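# Summary of structural features
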Amino acid sequence: MVLPIVLIFSVIFGFLIALLTVSPLKRITRAAEGLSHSDLSQRVKYKSNDEIGRLVVSFNTMADRLEESFTMQKTLCFRCSHELRTPLASMKTSVTKALITESDSSEDRALLGFLSGRVDYMETLVNDLLFLSRADEGKLKSNAIVLDLSKLLTEAEESFRCLFEDKNIKFTAAIAADLQVNADRTLLLRVISNLLDNAAKNTPSGGSVSLAAIKQSNGVIITVRDTGSGISPEYLPHIFERFYKVPGSVGANNGMVWAWQ
């Protein structure tokens, strides 16, 4: 009499074990089948410290990365189309006007100068996109050398001083002497230029911008500060996300500190 009861309980226990094991796997399968380019929100809710639990964590992590990648791709396409549409429209208008009207040589030179400026802008935009693409693919080569940082920052200061003067913005610089860092000159200059350019775009007339560099411990701290409106606290967690733009702003605007060790 005991043997049939043991067999029955064994079958029931085995069925329950199989059900507990297969159920999360079925959920993972359904979530994987539901993933598509239009719906990447599928996630599996299952917590466990066993192999299936680790599989669920891996699946959800993969889905998060896919969703982030597709979101960045959509944002990139939108930003590129928006940025390229304006110079292309202005170039088309100018060329069309030149074709239907008679003009002297001075007007022709003015038109060519305008078109040259638009082409330079588009070339810069394309180069920036190639830079991001190479960085994502891990093909961006860093030519790090020992740089005279004091000299580089002084050059950046002189380059941007006229821009700040045109906008009636007080620009001050406090750069310590004999600063040296091991870095890529082009990439470092890009960072400094982006910070100063954002400060110029977002600081109102009559405001002030400061550039400072000091040696601290075994590194250098470079600081760009401005008197712009800043960024609201709710947007701060997103400021390092690629292509993110604070709603209603021209560009990133906050005092930012960058350090190279």
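Residues numbered from 1 in each chain as written. Predicted model: local features only at pLDDT ≥ 70, side-chain atom pairs only at ≥ 80, totals over all residues. Heavy atoms only, no water.

## Looking at the overall build of the protein chain
In plain terms, the rule: A helix here means a DSSP run of H or I that spans at least four residues, while a strand means a run of E at least two residues long, and both kinds are numbered starting from the N terminus. The buried label goes to any residue with under 20% of its type's maximum accessible area, the exposed label to any with over 50%, and the partly exposed label to all in between, with areas taken from a 1.4 Å probe on protein chains only. Any two residues whose heavy atoms approach within 4.5 Å are treated as being in contact. All accessibility values rest on the Shrake-Rupley procedure with a 1.4 Å probe; residue burial counts only the protein chains present in the view.
Regarding its fold elements, the protein chain presents five helices and six strands. When the helices and strands of the protein chain are placed in sequence order, the string is α-α-α-β-α-β-β-α-β-β-β. Looking at the protein chain as a whole, 23% of its 261 residues are labelled buried. Long-range pairs, those at least 24 residues apart, make up 71% of the contacts in the protein chain between residues at least 6 apart in sequence. Accessible surface computed for the protein chain: about 17,900 Å², of which carbon and sulfur atoms make up 59%.

## Description of the nonpolar core
The cut-off we apply is this: Nonpolar cores were defined as sets of buried Ala, Val, Leu, Ile, Met, Phe, Trp, Tyr and Cys residues, with membership established by side-chain atoms within 4.5 Å.
Membership of the largest hydrophobic core comes to 24 residues, with the highest contact counts inside it found for Leu149 and Ile222. Secondary-structure elements contributing two or more residues to this core are helix H4 (149-166), strand E3 (180-184), helix H5 (185-202), strand E4 (208-216) and strand E5 (219-226). Core analysis: the next-biggest nonpolar cluster, separate from the first, contains eight residues, Ile28, Ala31, Leu40 and Ile52 among them.

## Digging into the confidence of the model for the protein chain
Quick reminder of the rule: Confidence scores per residue from the predictor, reported as pLDDT, run from 0 to 100.
On average, residues of the protein chain carry a pLDDT of 77, and 79% of them reach 70 or more. When pLDDT is averaged over each helix and strand of the protein chain, the minimum, 36, is found for strand E6 (residues 256-260) and the maximum, 93, for strand E2 (residues 170-175). Note that pLDDT drops below 50 for residues 250-261; the model gives that stretch 42 contacts with residues more than four away or on any other chain.

## Some words on the packing of H4 against H5
Our working definition: Only the stretch in contact is used when a helix axis is fitted, and all axes are lines through C-alpha atoms; the angle between N-to-C directions ranges over 0 to 180 degrees. Throughout, the term roughly parallel applies to angles under 35 degrees, roughly antiparallel to angles over 145, roughly perpendicular to angles from 65 to 115, and oblique to all others. By definition, any crossing whose near helix is turned counterclockwise from its far helix by less than a right angle is left-handed, and any crossing with a clockwise turn is right-handed.
Running from N to C, H4 and H5 cross one another at 30°; their axes reach a closest spacing of 11 Å. It follows from the interaxial angle that H4 and H5 lie roughly parallel. Crossing hand, H4 versus H5: right-handed. Where H4 approaches H5, its residues Leu149, Leu152, Leu153, Glu155, Ala156, Phe160, Leu163 and Phe164 are matched on the opposing element by Arg185, Leu188, Leu189, Ile192, Ser193, Leu196, Asp197, Ala199 and Ala200.

## Brief notes about H4
What sets the pattern is the α-helix's 3.6 residues per turn: residues three or four places apart point alike. Keep this limit in mind: By this rule, a helix spans an expected 1.5 Å times one less than how many residues it contains. We define the bend at each residue as the angle formed by axes fitted to the 7 residues ending at it and the 7 residues starting at it.
Spanning 18 residues, H4 covers 26 Å between terminal C-alpha atoms, matching the ideal 26 Å at 1.5 Å per step. Taking the largest bend as the criterion, H4 deviates by roughly 35°, centred on Phe160. Looking only at H4, the buried set comprises Leu149, Ser150, Leu152, Leu153, Ala156, Glu157, Phe160 and Phe164. The positive-phi residue at the C-terminal boundary of H4 is Asn168, with phi of around 60°.

## Some points on the packing of aromatic side chains
Put simply, the rule reads: Two rings belonging to Phe, Tyr or Trp (six-membered ring only in the last case) form a pair when the distance between their centres is within 6.5 Å. Interplanar angles under 30 degrees mark stacking, angles over 60 mark edge-to-face geometry, and anything in between is tilted.
A full pass over the atoms with the stated rule returns two aromatic pairs. Relative to Phe164, the ring of Phe160 has its centre 6.5 Å away and its plane inclined at 40°; by these criteria the two rings are tilted. Taken together, the positions of Phe160 and Phe164, both in helix H4 and four residues apart, correspond to about one turn of that helix. The pair formed by Phe160 and Phe164 is uniform in burial state, with each residue classed as buried. The rings of Phe160, Phe164 and Phe171 are connected pair by pair, giving a single aromatic cluster.

## Structural notes on the side chain of Glu157
Selection rule: Each polar contact in these results corresponds to two N or O atoms within 3.5 Å; when the atoms are within protein, one needs to be able to donate a hydrogen and the other to accept it, and residues that are neighboring in sequence are counted only if both atoms are side-chain atoms.
You can see Glu157 is positioned in helix H4. Look at Glu157 and you get buried, because its relative accessible area is 16%. A distance of 2.5 Å separates a polar atom in the side chain of Glu157 from a polar atom in the side chain of Arg161. Other than its neighbours up to four places away in sequence, Glu157 contacts Phe171, Ala173, Ile175 and Leu211.

## Thoughts on the pattern of salt bridges
Selection criterion: What makes a salt bridge here is a side-chain nitrogen of Lys or Arg within 4 Å of a carboxyl oxygen of Asp or Glu, nothing more.
Applying the stated criterion across every chain, the model contains five salt bridges. The salt bridge involving Glu157 is made with Arg161; its shortest N-O contact spans 2.5 Å. Of this pair, Glu157 and Arg161 both sit in helix H4, four residues apart, which is roughly one turn of that helix. Measuring nitrogen to oxygen at the nearest pair gives 3.2 Å for the salt bridge that ties Lys201 to Asp197. Taken together, the positions of Lys201 and Asp197, both in helix H5 and four residues apart, correspond to about one turn of that helix. Judged by relative accessible area, Lys201 falls into the partly exposed class, the value being 44%. Overall, the relative accessible area of 27% leaves Asp197 in the partly exposed class. What you see here is one network of salt bridges that share partners, running through Arg43, Asp64 and Glu67.

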